[in-house]
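Below are the chains, spelled out letter by letter.
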Amino acid sequence: MPDKLERYRGMRRRGRTPEPVEVAVPEPGRDEAFVVQEHHARALHWDLRLERDGVLVSWAIPKGLPEDPGTNHLAVRTEDHPVEYLEFHGEIPQGEYGGGTMTIWDRGTYETEKWTDREVKVVLHGSRASGRFVLFPTNGRNWMIHRMDPPVRDPLPSLGRMLPVTRSKPPRDLAAYAFEFAWGGEWVRVTIEGGRTGPAREYPWLRPLAESFGSRTAVLEGEVVSVGGAAEVLVCYDLLYDDGRSLVAEPYRRRRAALEALDVAGPRWQTAPSWPAQAGPVLHAAGEQGLPGVIGKRLDSPYEEGRSTAWILLSAE
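The following refers to the structure shown. (Residues numbered from 1 in each chain as written. Predicted model: local features only at pLDDT ≥ 70, side-chain atom pairs only at ≥ 80, totals over all residues. Heavy atoms only, no water.)

**Details of the pattern of salt bridges**
Two side chains bearing opposite charge may form a pair once their charged atoms approach each other closely. As enumerated under the stated definition, the model contains 25 salt bridges in all. A salt bridge links Lys114 to Glu119; its shortest N-O distance comes to 2.8 Å. The exposure class of Glu119 is partly exposed, given its relative accessible area of 21%. Linked through salt bridges whose partners overlap, the residues forming this network are Arg7, Arg12, Glu19 and Glu79. (Salt bridge = Lys/Arg side-chain N within 4 Å of Asp/Glu carboxyl O. Buried < 20%, exposed > 50% of the residue type's maximum accessible area, 1.4 Å probe, protein only.)

Have a look at this one:
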C-alpha cells in the first residue's frame, strides 16, 4: 500500500521544524474531524484539513472560507497531512517549507455528503466554520470552494462619503459632539477582507495592516496624511463594517467605540484621537499644528451619504 504521507515527510526536515514528522503509518479513522489553520507564511492563507482514510486531506485557501454563496474562493490542493496536525500550531522557521506562524482558527467535526475525485461536499460543525461547503477541481491543483448556505453576514457598505457642513462657530450643545482634527489629507476607505485590502495598489504599505486582521472583515475610513514631510500615515476615524456586521446605521458613539476596540495602531497607521465636548482646546491645538481645522461629529448620528449637518467643520484660521 502506498504511503500517503511520503510527500509530506519529503517536504520537511526532522529537527528543523516543530511540525509532526515522525508520525505513525496512517490508519483509517472515523473521518469526522476537521481543522482550519491561519497560516502567516510568505502569503497569508487558511488551510482547511479534513480527516479522510487516516490522513488530513488539505487545501490552502488564500482568502479563507467564503461567507457568501455568491463568491467562490480559490482552494489549492496540497499534500495530505498526518492526523496529528489537527492539534498543531506554532512557528515554522523561515527557510523551511511553509515558514511562518500557524494558529488554529477553528476545528470541529464534519459530515460527508459526497466525496469523489470531482466533488467533495461536506457540512462543517465548528464555532467559526459552520455550514455546507462544496470543493471542486478546476485546473490541476487548483480547486474552488463554494458555500451552499445563505450568507452569514451583512453586505459590505456601498454608499458614498459623508461630508461636513462648514460653520463659523462651535455648536451650543457641545456635549452632543466629539471633536477631531481635520487632517487635510487624502480621504480613503479601506476594505479589509481575507487578510487583503482594496487600496493595496495605491498604498502597498497597508498590506501588513490588512494581514494583521486575519480573517476579520472590516471597512475603515480615514485619511492618508504626511505631517512634517514624514512618510505617509493612515489616520483612521470611522468604522463602517466589522466582522460581518454593517455599522452604517449605528450612532457615531458606537462606531467610535468599535473602532477603538480594534486598536488600529502601527508604524504607518493609527486611530485618530477624539475629544468629546472639547471644541475650543482641539481647535487651538489644530491651529498650533498647522491643520485646517476641526470636525465636530454628533454622537447620535448614523453614517449618511453626502453633506450632513450632523458633522460640522470649524476652521482653525
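Next comes the rest of the account.
**Some points on the sheet that holds strand S11 (residues 162-167)**
The pairing of strands in a sheet comes from backbone hydrogen bonds and takes either a parallel or an antiparallel form. Overall, mixed pairing links the five strands, which are arranged S11-S22-S21-S12-S20 in an open sheet. Either end of the sheet is taken by a strand with one partner, and the two such strands are S11 and strand S20 (275-276). Where strand S12 (residues 177-182) and S20 come together, two bridges link them in antiparallel fashion. Residue pairing for S20: Phe179 is matched across the bridge by Trp275. Sheet strands in contact with helix H4 (residues 279-288) are S12, S20, strand S21 (293-298) and strand S22 (306-315), and its direction is about 5° off that of S12. (Pairing = 2+ DSSP bridges. Helix = DSSP H or I, 4+ residues; strand = E, 2+ residues; numbered from the N terminus. Contact = heavy atoms within 4.5 Å. Axes fitted to C-alpha atoms, helices over the stretch in contact; angles between N-to-C directions.)

**Focus: the environment of Gly54**
Inspection of the secondary structure puts Gly54 in the loop between strand S2 (44-52) and strand S3 (55-61). When the C-alpha atoms of Gly54 and Gly280 are compared, they prove to be 69 Å apart, with 226 residues separating the residues in sequence. For Gly54, the contacting residues outside a window of four places in its chain are Pro26, Glu27, Pro28, Gly29, Asp31 and Val83.

**A short note on the packing of aromatic side chains**
Overall, the coordinates contain nine aromatic pairs when judged by the stated rule. Seen in terms of ring centroids, Tyr8 and Tyr85 are 6.2 Å apart; in terms of plane orientation they differ by 90°. Their pairing is edge-to-face. Taken as a pair, Tyr8 in helix H1 (residues 6-10) and Tyr85 in the loop between strand S5 (81-82) and strand S6 (90-92) lie far apart in primary sequence, 77 residues in all. The pair Tyr8 / Tyr85 is uniform in exposure class, with both members buried. Taken together through their ring pairs, the aromatic side chains of Tyr8, Tyr85 and Phe88 make up a single cluster. A cation sits over an aromatic face here: Arg77 above Trp59, 5.5 Å from the ring centre. The ring of Trp311 is capped by Lys297, whose NZ or CZ atom sits 4.3 Å from the centre of that ring. (Phe/Tyr/Trp six-rings, centres within 6.5 Å; stacked < 30°, edge-to-face > 60°. Lys NZ or Arg CZ within 6 Å of the ring centre and 35° of its normal.)

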